[in-house]
Amino acid sequence: MTAAYVRACGLAELEEDSPKRVEIDGVPVSLVRTEGEVFAINDICSHANVSLSEGEVEDCSIECWLHGSSFDLRTGKPSGLPATQPVPVYPVKIEGEGPDASVLVSVTQES
Ligand code: FES
């Protein structure tokens, strides 16, 4: 299956280490700009129905604010309990340059 990339937002809208929740094709996604890259992870914690974009970003992970599991932004894997299941992560492309650059995400393919 080929990945259909959809424009999620402008790159300039993403602040470093400040997650932004967007919806792409009905899928809630948390976009995170950190360590010079942009990551897209499903916004719902795998432990309960909690929005990950309200959590803190540290060391390329996002922490669920409710019980403290951290999910690796590259793989979606939790680093510790109580969550045991990974959260889907999605491929990201940056299109364009400078202030007009866009963040594209494909939710039809998990990376
Ligand atoms: S709801 Fe996220 S760790 Fe419990």
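Per an unreviewed UniProt entry, the protein carries the name Non-heme iron oxygenase ferredoxin subunit and comes from Streptomyces rimosus subsp. rimosus.

Participant: Break down the overall build of the protein for me, with residues and values.
Facilitator: Along the protein, the regular secondary structure elements total 0 helices and 10 strands. Ordered by position from the N terminus, the helices and strands of the protein form the series β-β-β-β-β-β-β-β-β-β. Here the protein has a C-alpha radius of gyration of 13 Å; the compact-globule value for 111 residues is 13 Å, and the two agree. Along the three orthogonal principal directions, the C-alpha set of the protein runs to about 40 × 30 × 20 Å. Within the protein, the fraction of its 111 residues that count as buried is 44%. If you take every contact in the protein between residues at least 6 apart in sequence, the share linking residues at least 24 apart comes to 39%. Of the accessible surface of the protein, which amounts to about 6000 Å², a share of 44% is contributed by carbon and sulfur atoms.

Participant: Pulling in residues and values, what's your account of the sheet that holds strand 9 (residues 92-95)?
Facilitator: Ordered in space as 1-10-9, the 3 strands form an open sheet in which the pairing is antiparallel. Two strands close off the open sheet at either side, each with one partner strand: strand 1 (6-10) and strand 9. The mean angle between the axes of side-by-side strands here comes to 30°, regardless of whether they run parallel or antiparallel. Pairing of strand 9 with strand 10 (residues 102-105), which is carried by 4 bridges, proceeds in the antiparallel orientation. Of the residues in strand 10, the one forming a bridge with Val 92 is Val 105.

Participant: Break down the pattern of salt bridges for me, citing the residues and quoting the values.
Facilitator: What the rule picks out here adds up to 4 salt bridges. The closest approach of N and O atoms between Glu 23 and Arg 21, which form a salt bridge, is 3.9 Å. Given the relative accessible area of 40%, Arg 21 is considered partly exposed. A salt bridge links Arg 74 to Asp 72; its shortest N-O distance comes to 3.1 Å. Each of Arg 21, Glu 23 and Asp 43 takes part in one network of salt bridges that share partners.

Scoring rules and cut-offs
- Residues numbered from 1 in each chain as written.
- Predicted model: local features only at pLDDT ≥ 70, side-chain atom pairs only at ≥ 80, totals over all residues.
- Heavy atoms only, no water.
- Helix = DSSP H or I, 4+ residues; strand = E, 2+ residues; numbered from the N terminus.
- Rg over C-alpha atoms; globule rule 2.2 N^0.38 Å.
- Buried < 20%, exposed > 50% of the residue type's maximum accessible area, 1.4 Å probe, protein only.
- Contact = heavy atoms within 4.5 Å.
- Areas by Shrake-Rupley, 256 points an atom, 1.4 Å probe, with all protein chains shown as cover.
- Pairing = 2+ DSSP bridges.
- Axes fitted to C-alpha atoms, helices over the stretch in contact; angles between N-to-C directions.
- Salt bridge = Lys/Arg side-chain N within 4 Å of Asp/Glu carboxyl O.

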